[in-house]
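Per-entry structural report
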Amino acid sequence: MGLDIEANKKLVEDILEAYPDKAKKDRKKHFQINTEETKESCSCSLKSNIKSRPGVMTPRGCSYAGSKGVVWGPIKDMVHISHGPVGCGQYSWGTRRNYANGTLGIDNFTAMQITSDFQETDIVFGGDKKLEIICREIKEMFPLAKGISVQSECPVGLIGDDIEAVSKKMTKELEMPIVPVRCEGFRGVSQSLGHHIANDAIRDFVMGKADLAETGPYDVNIIGDYNIGGDAWASRILLEEMGLRVIAQWSGDGTLNELEIAHKAKMNLIHCHRSMNYMVDHMEKAYGIPWMEYNFFGPSKTYESLRAIAAKFDATIQENCEKVIAKYKPQMDAIIGKYRPRLEGKKVMLLIGGLRSRHTIGAYEDLGMEIVATGYEFAHKDDYERTFPDMQTGSIIMDDPTAYELEELAQKMNIDLMGSGVKEKYVYHKMGIPFRQMHSWDYSGPYHGFDGFKIFAKDMDMTVNNPVWNLFDKKEKVQPEGASV
Ligand code: SF4
């Protein structure tokens, strides 16, 4: 199986023709067509993790989104202050579906928008005094909050505020951790540096600060699962059914205590390598905790991952693992039996963040679907190296693709399904192309684990085979008038 390598090279070149010379030359470096050689050697010449070109409608976000939105925001028993003007906190309020148990406003603050709401006077005179007052107010209003994080928005770093000094002072005064995070949106080139900064803040202010009364040989951490639509819960039950004890979930449905005791685990299981590889590396060096990547998207990858995880433990866990697989396999076979005939051979294009663009491939393939192009917003070279082997030859791999490039590719490749984000969704609907949100799961999910696959398969079928697409004239769908540049 494979796609036409030369034809797809030409396709990309033709699309880039619309740009001025400099932009064309630059954007060309962000595309690579998978070949037998790149599949095997994972050699990646594609440019990644560099600045976006101005004015091309990048799908990227900022460092604040990577820190507050992704890593810190899901820690449910801490209050996260969006420190700066009102916009960033307001737009990121409740939009990422990192589910968490608890009572909102009492012991769970994930779906609240707490901001220092900077005014001109704060820019002119500085916001440090205001930050102190807010910390005191939080302690008074939310007595069950276990800590506070200060998530810096752009102006904080530009006006020279010293949030570290304020945090130190207030940690003492309020007797709880106040964590300063320097995730101003102008830092770095995307969400990615925000992950790194957030990881370092965990390391510097929280890691190793608490003890665990009892430890055991099967203690593990789930690292880099943000529990979107309940994903981490659907993963955790499998690990626990296998006999492992999950002592911390980072950070979906996570708590401050789980950040503080994670160094007591025997093994770190990392789902999202991009956003939390810094922490597992650190825990390996500082505490000797080994880590391994796993993938709970679709039954094939889940079986493979469960076995790989079990192989790191003893015969008891390995036997349990086979029992778990034997229990769920008939259910998974039935799901594949039902949906595969409806989805077989459908062509999919993906553009997601830093993990799912490769991690979900197996789940689509379990349903007989074919990924013809995939791209990341903010992946690094090591992510691309992991992507090439999972993609078929001739498929297109792209970095930080612009809105124009994606729309042209989707039409010219005549895809059957696009998986991307909310900014993209309605454009594709209007082009008559079935679309699934692969960040928010389109308000569905979970998609992880065996429970998740049942929902994933149903959702893909519901979208691809929805009768609404028959209302579009096929010709009109592929080449709508005026859609090409
Ligand atoms: S770039 Fe700056 S202003 Fe924009 S969302 Fe990020 S932190 Fe806020």
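Now for a description of the structure that goes with this document.

Cut-offs and rules
Per chain, residue numbering runs from 1 following the sequence as it is written. In keeping with the model being predicted, local features are shown solely for residues with a pLDDT of at least 70 and side-chain atom pairs are shown and tallied solely at 80 or more, while totals for entire chains, interfaces and linings include all residues. To get the side-chain values, take all heavy atoms of the structure and skip hydrogens and water. Pairing of aromatic rings covers Phe, Tyr and the six-membered ring of Trp, with a centre-to-centre limit of 6.5 Å; geometry is then stacked below 30 degrees between planes, edge-to-face above 60, and tilted otherwise. Helix and strand assignments follow DSSP, with helices taken as H or I runs no shorter than four residues and strands as E runs no shorter than two, numbered in order from the N terminus. Remark: exposure states derive from per-residue accessible area (1.4 Å probe, protein chains only) relative to the maximum for the residue type, with buried under 20%, exposed over 50%, and partly exposed in between. When DSSP locates at least two bridges between a pair of strands, those strands are taken to pair. We call two residues in contact whenever any of their non-hydrogen atoms come within 4.5 Å of each other. The patches described consist of residues with a relative accessible area above 30% and no salt bridge, like charges being joined within 9 Å and nonpolar side chains (Val, Leu, Ile, Met, Phe, Trp, Tyr) within 5 Å. Per-residue and other accessible areas were derived by the Shrake-Rupley procedure at a 1.4 Å probe size, with only the shown protein chains allowed to occlude residues. When a carboxyl oxygen of Asp or Glu lies within 4 Å of a side-chain nitrogen of Lys or Arg, that pair is called a salt bridge. Charged residues are defined here as Lys and Arg on the positive side and Asp and Glu on the negative side; His and the ends of the chain fall outside this count. A single reference atom marks each charge: NZ on Lys, CZ on Arg, CG on Asp, CD on Glu. We define a nonpolar core as any set of buried Ala, Val, Leu, Ile, Met, Phe, Trp, Tyr and Cys residues linked to one another through side-chain atoms lying within 4.5 Å. All axes here are fitted lines through C-alpha atoms, helices being fitted over the stretch that makes contact, and every angle between N-to-C directions spans 0 to 180 degrees. Crossings are classed by handedness, with left-handed meaning an anticlockwise turn of the near helix from the far one by less than a right angle and right-handed meaning a clockwise turn. Classification convention: Asp, Glu, Lys, Arg as charged; Ala, Val, Leu, Ile, Met, Phe, Trp, Tyr, Cys, Pro as nonpolar; all other residues, Gly among them, as polar.

Moving on, we get to the packing of aromatic side chains. Pairs of aromatic rings are described using the distance from one ring centre to the other and the angle between the two planes. On inspection of all chains with the given rule, the structure shows 14 aromatic pairs. Where Tyr303 meets Phe450, the ring centres are 5.6 Å apart and the plane angle is 45 degrees; that geometry is what we call tilted. Here the residue Tyr303 occupies a position in helix H14 (residues 299-310), and Phe450 occupies one in helix H21 (residues 449-464), the gap between them amounting to 147 residues. You can call Phe450 buried: its relative accessible area is 1%. Pairing Tyr328 with Phe450 gives two aromatic rings, centres 4.9 Å apart and planes at 25 degrees, and the pair type is stacked. Placement of the pair is Tyr328 in helix H15 (residues 315-343) and Phe450 in helix H21, with a sequence separation of 122 residues. When its relative accessible area of 9% is taken as the criterion, Tyr328 is described as buried. By way of ring pairs, the aromatic residues Phe297, Tyr364, Trp441, Tyr447, Phe453 and Phe456 are connected into one cluster.

A few words on the pairing of strand E5 (residues 178-181). Sheet faces and side chains relate simply in a regular strand, where the side chains alternate between the two faces. Judged by which residues are buried, E5 turns out to be covered on both faces: Ile178 and Pro180 on one side and Val179 and Val181 on the other are all buried. Of the pairings in the sheet, the one linking strand E4 (residues 147-152) to E5 comprises four bridges and is parallel in character. In the sheet register, Val150 faces E5, and the bridge partner there is Pro180.

For Ser235, the position within the fold is in helix H11 (residues 231-241). If near-sequence neighbours (up to four positions away) are discounted, Ser235 is found in contact with Asp225, Phe296 and His448.

Before going further, it helps to spend a moment on a positive patch on the surface. A contiguous patch of positive charge on the surface is contributed by Lys22, Lys25, Lys29, Lys47 and Lys381. Examined against the element boundaries, Lys381 turns out to sit in helix H18 (residues 381-387).

What follows deals with the nonpolar core. Counting residues in each nonpolar core, the largest one holds 86 residues, and the members touching the most others are Trp72, Trp250, Ile309 and Tyr364. The dominant element in this core, judged by the number of residues it contributes, is H15, at ten residues. Beyond its immediate chain neighbours, meaning those up to four positions away, Trp72 contacts Ser67, Met78, His80, Ser149, Gln151, Val179, Val181, Ala198, Ala201, Ile202, Val206 and Leu259. Formed by 25 residues, the second largest nonpolar core is a distinct cluster that contains Phe31, Ile396, Met418 and Phe435.

Relative to each other, helix H19 (residues 403-412) and helix H20 (residues 422-431) sit at 35 degrees, their axes nearing to 12 Å. Crossing of H19 against H20: the hand is right-handed. Side by side, H19 and H20 meet where Leu406, Glu407, Ala410 and Gln411 of the first sit next to Val427, Tyr428 and Met431 of the second. By residue class, the composition of the contact of H19 with H20 is five nonpolar, one polar and one charged.

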